[in-house]
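So the chains spell out like this:
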Protein chains: 2
Amino acid sequence: VCVDVCVGCDRWAALIDLIHLMFYPPCCDDDDDSSCPGTRDYNPKQMAIREKVFNTIISCFKRHGAETIDTPVFELKETLTGKYGEDSKLIYDLKDQGGELLSLRYDLTVPFARYLAMNKITNIKRYHIAKVYRRDNPAMTRGRYREFYQCDFDIAGQYDAMIPDAECLKIVYEILHELDLGDFRIKVNDRRILDGMFAVCGVPDDKFRTICSTVDKLDKMSWEDVKKEMVNEKGLSEQAADQIGEYVIMCVVGGMDLAEHLLQDQKMSQSKQACAGLSDIKLLFSYLQLFQVTDKVVFDLSLARGLDYYTGVIYEAVLTQAGVASVTTEAQNGAPGSTEESVSVGSVAGGGRYDGLVGMFDPKGRKVPCVGVSIGIERIFSIMEQKAEVSAEKVRTTEVQVMVASAQKNLLEERLKLTAELWNAGIKAEVMYKKNPKLLSQLQHCEESGIPLVAILGEQELKDGVVKLRVVATREEVSHTVDIHTAPHLRTI
Amino acid sequence: VCVDVCVGCDRWAALIDLIHLMFYPPCCDDDDDSSCPGTRDYNPKQMAIREKVFNTIISCFKRHGAETIDTPVFELKETLTGKYGEDSKLIYDLKDQGGELLSLRYDLTVPFARYLAMNKITNIKRYHIAKVYRRDNPAMTRGRYREFYQCDFDIAGQYDAMIPDAECLKIVYEILHELDLGDFRIKVNDRRILDGMFAVCGVPDDKFRTICSTVDKLDKMSWEDVKKEMVNEKGLSEQAADQIGEYVIMCVVGGMDLAEHLLQDQKMSQSKQACAGLSDIKLLFSYLQLFQVTDKVVFDLSLARGLDYYTGVIYEAVLTQAGVASVTTEAQNGAPGSTEESVSVGSVAGGGRYDGLVGMFDPKGRKVPCVGVSIGIERIFSIMEQKAEVSAEKVRTTEVQVMVASAQKNLLEERLKLTAELWNAGIKAEVMYKKNPKLLSQLQHCEESGIPLVAILGEQELKDGVVKLRVVATREEVSHTVDIHTAPHLRTI
């Protein structure tokens, strides 16, 4: 028994309909709205926005078959030591009150690697959304905080090249598309290509990383300034710098074609490393075409990224929409000295392949290849909050469907009874905690908190055994014979 | 235009149907399954169980119109000082690395009170689910941890007596009922009744609290032992102890009737405090009747609870189901010296009214009356985990609906293409990260991780433009003309 499918763009339409049918009975609305850093509190409005963002991201992770784990907020100090380079000074230590020395987690990647090694896990696709801590002097004006969320998706395991890497990029694409933050671009590069390029350009091995972080500034600084820094501050030869310049300026952005071009490049092709990286980039792009995301993904030779532990593909998503810069300056929450989020203004996601980290936690140094992405969730929150402020529509902080109100005094009992009935029936209902509230104040509460329906109890109505149900927005009173389809305004509830 | 309702048990049925209709089109399935302490990691299976518990609890909180907030994991040390009595020794301090002195939060109630005072909020109904920290020597055997979740619901504001208090009890009832943990009982008492009782029994004012905590042990100790502690350890007079005994032994458990009886009691009626508490208990029970929860709620004179900040009604929910004791001994996670959770074996929720706490954080001492409940979430997790182990059925850690597999080699491209199509259509799909995986291993993966459907690609099928869709459990292959209602086994997917 088979599914007939026509070749072409929607060749799978029939199959998809079929699968949909199996999971969702006809006309089933999935209600995705029904689910949810110095230091600061999050108020209900901020929490409501966060909840929506989390729901979008988590449902994408789940669509890709991810499990989730959680790790303690503090780790043994030694676990974090020597993983973050000079950023280690930003780690929060707990006071020695006896017992082990503990530190607050600095990111979610190191605890993940520790978790895999500790539990001898060699295969997992997991997401982890939690707060991390950095001892930054909180410059609130720059929107930086010492406590902030990170939102990581990682695939651990020995697999065929570039397949999980491609899925990570697909996920970034889906999330940024669904969050509707405006246009974006995903830059891709490979540590091996960078190192290969540095080698053939005559950069001494011990200078790879420091030169790498200078190159990484190309999106904020002019080539002249980048070159100055390389030569004057980092002591690179004029000539080596110019050769790097040829690569990162001449042929900086492209796709498969650029990878192919560089494979032909006389100098570059001398580096085994670079060639390995370049052919993997080609393979990656072939998978990205199958995933239909090549319209946003570019191979960018100038992308370097700070973190030491990357060993292969690296990537970063930036918002290209005009006006974002202004937003994201404000939006650098949770990026205190963070190489993960603060790479460039407008960066909303970043990640790459790190095949060596887990081995650092394994007594026998057994390696577990990993590739992952971190979504710049705090930056996204800020953009969403600004959007909400700009847009007219009010953010609801509760999901109450019905307010049980009374027109006269002494109806508290009736109100409580009805409210309980509604709760028991699974309806989100609210009642005022007053014996005799004014009808007006009850209606005002509905309008302020966006409650769509109000059930109004009155003595006469109770005698007659009826209750009025009013749509707050339209003041219209609806009967129980109303058909959902003929009352379109109710759909928007 | 009105709703006709017949008097009687389901007098509101028509109204309820109507409201349901407006929010949920016919035959809409709400998929509630689609939405997590020394220190320990949570593995995917534990996270899946936590997610279900959280969903049940959060949807109850939302049904009652609650907003949510979040506060930082660390507070200024001074904020926590002097709030927890002798338990303060369990507070985690951060190392002084310059800057303010910080401590990890010990519970969610004090940060909530600090939040209200700081933001001059006088009205809010909020829930907060987050981890708290206690420097207990982790006796893992006893299942205690230094990091654990708390799950609080609180109503702040100046309202008419006992209405919000009654809603808190309704919420406890609903949550324990929905979680299906077995039979339970909710004990209610009032600090004013206890203090009044102590006064009329001749307990010196300065001994109220210490005697209170001894009385609180009645569910674990015999009266004889409790009396010994009062007299020998706490220096109470024999006579006073016996008088207390008369109350807490003779007439320990009841309802409105017991409150009425005590109001008539000669000695008790001499205490204004006790009378105020007793008439509020009567009022509370009248509301609980309207909320239809009196079958599980009892007025228990022996319920004392440890926390100092309670000023009125106090309550605690215990599981009465046989065998729970054994479970909950194991299940005392997150109850290190915690008066909030460890009051008695089997206690799964507790709370009460605290009208003075917010004032402690307000420069002018302005009070905001509060009542709230804390769900013993860690204990509930442990019970659920044990249930899951006992029951045959496997806990799924992912929600993958379809595995895209291939019968022959060299179909990677087709598999990736189809998988992308499914993702784009919002279907939760997985594909193996191998160029040429064996069909058997692909099917095994489905069975291990509970994936219900597998789409099998084969060269011939692709030529014919078809794809096989197989139900893993039954091996049955379904066509796209299948009707959801004639394939009942699919409903269970």
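Residues numbered from 1 in each chain as written. Chains lettered and ligands numbered in written order. Predicted model: local features only at pLDDT ≥ 70, side-chain atom pairs only at ≥ 80, totals over all residues. Heavy atoms only, no water.

### Describing the pairing of strand β5 (residues 124-133) of chain A
The side chains of a regular strand alternate between both faces of the sheet.
All names here are of chain A.
Then step 1. Most of β5 sits inside the fold, with nine of its 10 residues counted as buried.
Then step 2. As defined by bridge partners, strand β2 (residues 67-68) adjoins β5 across two bridges and the pair is classed as parallel. Counterpart to threonine 68 in the pairing with β5 is tyrosine 127. (Buried < 20%, exposed > 50% of the residue type's maximum accessible area, 1.4 Å probe, protein only. Helix = DSSP H or I, 4+ residues; strand = E, 2+ residues; numbered from the N terminus. Pairing = 2+ DSSP bridges.)

### Looking at the confidence of the model for chain A
Where the model shows low pLDDT, its predicted coordinates should not be examined in detail.
Residue and element names in this part refer to chain A.
Then step 1. Residues of chain A with pLDDT of at least 70 account for 81%, and the chain-wide mean is 82.
Then step 2. This model gives residues 25-37 a pLDDT under 50, and the stretch forms 37 contacts once residues within four places in sequence are excluded.
Then step 3. Scored below 50 in pLDDT, residues 479-493 makes 28 contacts in the model with residues more than four places away or belonging to other chains.
Then step 4. Interface confidence in the predicted complex, given as ipTM, is 0.78; pTM for the same model is 0.80. (pLDDT = per-residue confidence, 0-100. Contact = heavy atoms within 4.5 Å.)

### Description of the domain arrangement of chain A
Then step 1. The assigned domain composition of chain A is domain 1 (44-322 + 345-391) and domain 2 (402-481).
Then step 2. Once you take the C-alpha centre of each, domain 1 of chain A and domain 2 of chain A turn out to be 53 Å apart. (Domains from an automatic or database assignment.)

### A closer look at the nonpolar core
Then step 1. Residues Phe61, Met197, Phe198, Ile244 and Phe299 of chain A are the most contacted members of the largest nonpolar core, which totals 131 residues.
Then step 2. Per element, the largest residue contribution to this core is 10 residues, and it comes from helix α5 (residues 163-179) of chain A.
Then step 3. Among residues more than four places away in sequence, those in contact with phenylalanine 198 of chain A are Val203, Phe208, Ile211, Cys212, Val215 and Ile244 of chain A.
Then step 4. Formed by 130 residues, the second largest nonpolar core is a distinct cluster that contains Val200, Ile281, Leu288 and Phe381 of chain B. (Core = buried A, V, L, I, M, F, W, Y, C linked by side-chain atoms within 4.5 Å.)

### So, the pattern of salt bridges
Then step 1. Within the structure shown, the criterion is met by 68 salt bridges over all chains.
Then step 2. Salt-bridge contacts for lysine 296 of chain A lead to aspartate 183 of chain A; the nearest nitrogen and oxygen are separated by 2.6 Å. Placement of the pair is lysine 296 of chain A in the loop between α11 (272-290) and β9 (297-300) and aspartate 183 of chain A in the loop between α5 and β7 (184-190), with a sequence separation of 113 residues.
Then step 3. Taking the relative accessible area as the measure of exposure, aspartate 183 of chain A reaches 41% and is therefore partly exposed.
Then step 4. For arginine 63 of chain B, the salt bridge identified is with glutamate 178 of chain B, shortest N-O distance 2.7 Å. Of this pair, arginine 63 of chain B sits in helix α2 (residues 44-63) while glutamate 178 of chain B sits in helix α5 (residues 163-179), and the two are 115 residues apart along the sequence.
Then step 5. Given a relative accessible area of 36%, glutamate 178 of chain B falls into the partly exposed group.
Then step 6. It is possible to trace a salt-bridge network through shared partners that takes in Arg40, Arg50, Glu378 and Glu385 of chain A. (Salt bridge = Lys/Arg side-chain N within 4 Å of Asp/Glu carboxyl O.)

### Observations concerning the state of the cysteines
Then step 1. Inspection of the entire model under this criterion finds zero disulfides over all chains.
Then step 2. The thiol of cysteine 151 of chain A is not disulfide-bonded; the next cysteine sulfur, from cysteine 60 of chain A, is found 9.7 Å away. (Disulfide = S-S within 2.5 Å.)

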